[in-house]
Amino acid sequence: MMRTYSFLTVLLWSCMFHAIHMMPSQKRTNKHSRSERITGLSENGGKTLHRTKRGWMWNQFFLLEEYTGPDTQYVGKLHTDQDKGDGNLKYILTGDGAGSLFVIDENTGDIHAAKKLDREEKSLYVLRAKAIDRKTGRQVEPESEFIIKIHDINDNEPKFTKDLYTASIPEMSGVGTSVIQVTATDADDANYGNSAKVVYSILQGQPYFSVDPETGIIKTALPDMSRENREQYQVVIQAKDMGGQMGGLSGTTTVNITLTDVNDNPPRFPQSTYQFSSPESAPPGTPLGRIKANDPDVGENAETEYSISNGDGSDMFDIVTDKDTQEGIITVKKHLDFENKMLYTLRVEATNTHPDPRFLQLGPFKDTALVKISVEDIDEPPVFSRPWYLIEVDEDAKEGSIIGQVVAQDPDITKNAIKYSVDRHTDLDRIFNIYSGNGSLFIAKPLDREETPWHNITVIATEINNPRQSSQIPVFIRILDINDHAPEFAKYYETFVCENAKAGQTSSCSAFFNEPFKNLSEACCCICKLIQTVSAVDKDEPPQGHKFFFELVPEFAVHPNFSIVDNKDNTAGIMTRRNGYSRSKMSTYLLPIIIFDNDYPIQSSTGTLTIRVCACDSWGNMQSCNAEALLLPAGLSTGALIAILLCIIILLGKYL
């Protein structure tokens, strides 16, 4: 329909130009003309009227674009008043498109368009005209310039800058919210008619969106559009020229509009109650199950945090949020005991972590659900009443005596019977035993604290009906001391006394015959001085520590030669009671000493101190003993023998 309309317009313009191309010009365009002559027909038979000025005569040329007629399109006629009509003048055309787009009849000056022209490619052409005398070859008129202007027709439809637009807008946006602006351009002449006047309209996308007819801005047309109901929209926009009137050309574009998410939906549990179970043996941290509150929002708007708001199991269980799946994972928090509690109830809450203040009026952005967890009974091993046992027993306890008891029981409801036994790997000597029925420990062999003060054994409790269920417990047995050992000399003493010793002289050195000497001077010292102090040891360990007493045996209480003095520090000193001793009469004295302890019952022992009489110098240094004393016992060490010989050599050297 549009093309037919344009063709009729072209024909109309062509007819108009054919009708007027011979008319006299209303405007002189050649400023170089020297004279002018107007040619016309008179009423009395065609006499020619002359004027002194002559020049070019033509109309301003206009030409419609896109001419599609069968003949060439007539543009106009060049004419000069020098043309007598006798064919003596020749018209020549030069300039834009001369000879190719525009051709001229050199005899008549008629100009035709040889091809279809497009205003959008070139809207005007500048040409130059000459008129030449064929006989002389002279220009009868100076060369003159003229313009052929191409008139526009509506032959271009509006075109959008994009074939496809994409846009997004938050869901729940208000009516009239701008989405995107589309733009279409028309290549026709905007200054000529309405060919380039574009009007926008919406062909697809109503009633959700609208478009401004002048600006092409697309806006929302419905309130509260929800992404959860529909996320994608395809809108088709039309741009039509001729101001949108009938017969105008049009183009379309597509706009894909996406509703982006906002946090306008709270999380919701799909069910009000959940059921889970856990074996009582589940360790802390064991996951029991997952629950999820559904949120139709996406991204961070759907992020949910789970917590336990209340319930009798809030101390026994925990819930953590899986950030990847937005699920709540229920886990064991503390050790469970079926016999103590078989069912727990939790109130779990799911809350949006990023609420949008604009939609808080829609309600609380959280939801709750009830979680019930049942504890499953597991056949557990026996449980002892204590984590370990400490038993103390006197070392003189009789064989068969019960020293203590361990107690274990089956924690299950069935309360299976328990039998007890001693792990023999911890009691290889089988000193202890246990009554299998009641867990009483008794002594199987004599005890000796001084040999083994502690015994660490392991007792095993086993279910009779299920021997695979057993437990072990350490039992520490401490053997308490009984004063069953008498004190005795700390070492073997062999003492000497000088023949010239004075009454009341105290011995000062220990016998050296049983120990290696550290140096020569010590050896000499020991030979030259008397031993005066004795001490005692005791294998027992009384709680208050050792306390020893020393005295002579009763029959030696008043000894004519020696006496003993208790130093009150668990030592005693040996004192002489006479002036001078004779080796020839008595070379060796035996002094029996009684040593008592202070524990109950009191224990005592008698130790005999051997005292030999030796010859000494005036300083109390030993020089020689009797013959028996010089015959050293076979038990002396090599070091002692060498030391004695060296001391003798030194003493002899002093008198030589």
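Residues numbered from 1 in each chain as written. Predicted model: local features only at pLDDT ≥ 70, side-chain atom pairs only at ≥ 80, totals over all residues. Heavy atoms only, no water.

1. Focus: the state of the cysteines
Inspection of the entire model under this criterion finds one disulfide. Note on cysteine connectivity: Cys498 is disulfide-linked to Cys616, with sulfurs 2.0 Å apart. The sign of the -80 degrees torsion about the S-S bond sets the Cys498-Cys616 disulfide as left-handed. In this pair, Cys498 sits in strand E36 (residues 494-498) while Cys616 sits in strand E42 (residues 604-616), placing the two residues 118 residues apart along the sequence. Cys616 carries the same exposure label as Cys498, and that label is buried. (Disulfide = S-S within 2.5 Å. Helix = DSSP H or I, 4+ residues; strand = E, 2+ residues; numbered from the N terminus. Buried < 20%, exposed > 50% of the residue type's maximum accessible area, 1.4 Å probe, protein only.)

2. A few points about empty space enclosed by the protein
Think of a ball as big as a water molecule: rolled over the atoms, this probe shows where empty space is left. All told, the structure shown has two cavities of 30 Å³ or more when counted by the stated rule. Roughly 30 Å³ of volume is contained in the second largest cavity. Around the second largest cavity, the lining residues are Ile169, Pro170, Glu171, Met172, Ser173, Thr220, Met225 and Leu259. Split into classes, the residues belonging to the lining of the second largest cavity amount to five nonpolar, two polar and one charged. (1 Å grid on protein atoms, 1.4 Å probe; cavity = no way out; pocket = protein on both sides within 12 Å on 5 of 7 lines; lining within 4 Å. Points joined across faces, edges and corners; volume = space filled by probe spheres on them. Nonpolar A, V, L, I, M, F, W, Y, C, P; charged D, E, K, R; others polar.)

3. Things to note about the sheet that holds strand E15 (residues 209-211)
The strand order E12-E16-E15 describes an open sheet built from three strands, whose pairing is antiparallel. Only two strands of the sheet have a single partner each, and these edge strands are strand E12 (178-181) and E15. In this sheet, neighbouring strand axes are inclined to one another by 25 degrees on average, regardless of whether the strands run parallel or antiparallel. Here E12 pairs with strand E16 (residues 217-220) via three bridges, running antiparallel. Residue pairing across strands places Gln181 opposite Ile217, the latter belonging to E16. (Pairing = 2+ DSSP bridges. Axes fitted to C-alpha atoms, helices over the stretch in contact; angles between N-to-C directions.)

4. Notes on the packing of aromatic side chains
Under the defined criterion, the tally for this structure stands at 13 aromatic pairs. Judged by centre distance (5.0 Å) and plane angle (55 degrees), the ring pair of Tyr208 and Tyr233 falls under tilted. Of the two residues, Tyr208 is situated in the loop between strand E14 (199-204) and E15 and Tyr233 in strand E17 (residues 232-240); the sequence distance between them amounts to 25 residues. Here Tyr208 falls in the partly exposed class, since its relative accessible area comes to 26%. On the basis of an interplanar angle of 70 degrees and a centroid distance of 6.1 Å, the ring pair of Phe269 and Tyr274 is categorised as edge-to-face. (Phe/Tyr/Trp six-rings, centres within 6.5 Å; stacked < 30°, edge-to-face > 60°.)

5. Describing a negative patch on the surface
Taken together, the side chains of Asp394, Asp396, Asp429, Asp448, Glu451 and Asp484 make up a negatively charged region of the molecular surface. Secondary-structure assignment places Asp394 in strand E27 (residues 389-394). (Patch = residues over 30% accessible without salt bridge, like charges linked within 9 Å, V, L, I, M, F, W, Y side chains within 5 Å. Areas by Shrake-Rupley, 256 points an atom, 1.4 Å probe, with all protein chains shown as cover. Salt bridge = Lys/Arg side-chain N within 4 Å of Asp/Glu carboxyl O. Lys, Arg positive; Asp, Glu negative; His and termini not counted. Charge placed at Lys NZ, Arg CZ, Asp CG, Glu CD.)

6. So, the pattern of salt bridges
If you walk through the whole model with that rule in mind, you get 18 salt bridges. Across the pair Arg227 and Glu228 runs a salt bridge, and its minimum N-O distance is 3.0 Å. By relative accessible area, which is 25% here, Glu228 ends up partly exposed. Residue Asp356 is joined to Arg358 by a salt bridge in which the shortest nitrogen-to-oxygen separation is 2.8 Å. One continuous salt-bridge network, built from bridges that share partners, spans Arg449, Glu450, Asp481 and Glu541.

7. Observations concerning a nonpolar patch on the surface
Together, Met342, Leu343 and Ile413 make up an exposed nonpolar region whose accessible area comes to about 300 Å². Note that Met342 resides in the loop between strand E23 (327-332) and strand E24 (343-352).

8. Quick look at the pairing of E23
Consecutive side chains along a regular strand alternate between the two faces of the sheet. For E23, the buried fraction is high: five of the six residues fall into the buried class. Inspection of the sheet shows strand E20 (residues 287-291) paired to E23 by four bridges, in the antiparallel sense. The partner of Arg290 across the bridge, within E23, is Ile329. Bridge count for strand E22 (residues 317-322) against E23 is six bridges, and the pairing is antiparallel. Each bridged residue has a counterpart across the sheet, and for Ile319 the counterpart in E23 is Ile330. Between E22 and E23, which pair antiparallel one after the other, the connecting turn spans four residues, and Gln326 there sits at a positive phi close to 55 degrees.

9. Regarding unusual backbone geometry
Backbone torsion omega between Gln206 and Pro207 reads 5 degrees, so that peptide bond is classified as cis. With respect to the helices, strands and loops of the structure, Pro207 is situated in the loop between E14 and E15. In this chain, Tyr600 is followed by Pro601 through a cis amide linkage whose omega measures -10 degrees. The backbone phi angle of Asp224 is positive, close to 55 degrees, even though this residue is not glycine. Examined against the element boundaries, Asp224 turns out to sit in the loop between E16 and E17. Here Asp224 falls in the exposed class, since its relative accessible area comes to 51%. Positive phi outside glycine occurs at Lys415, with the angle close to 50 degrees. Of note, Lys415 is situated in the loop between strand E29 (408-409) and strand E30 (418-422). For Lys415, a relative accessible area of 47% puts it in the partly exposed group.

Taken by themselves, the reported measurements are silent on function.
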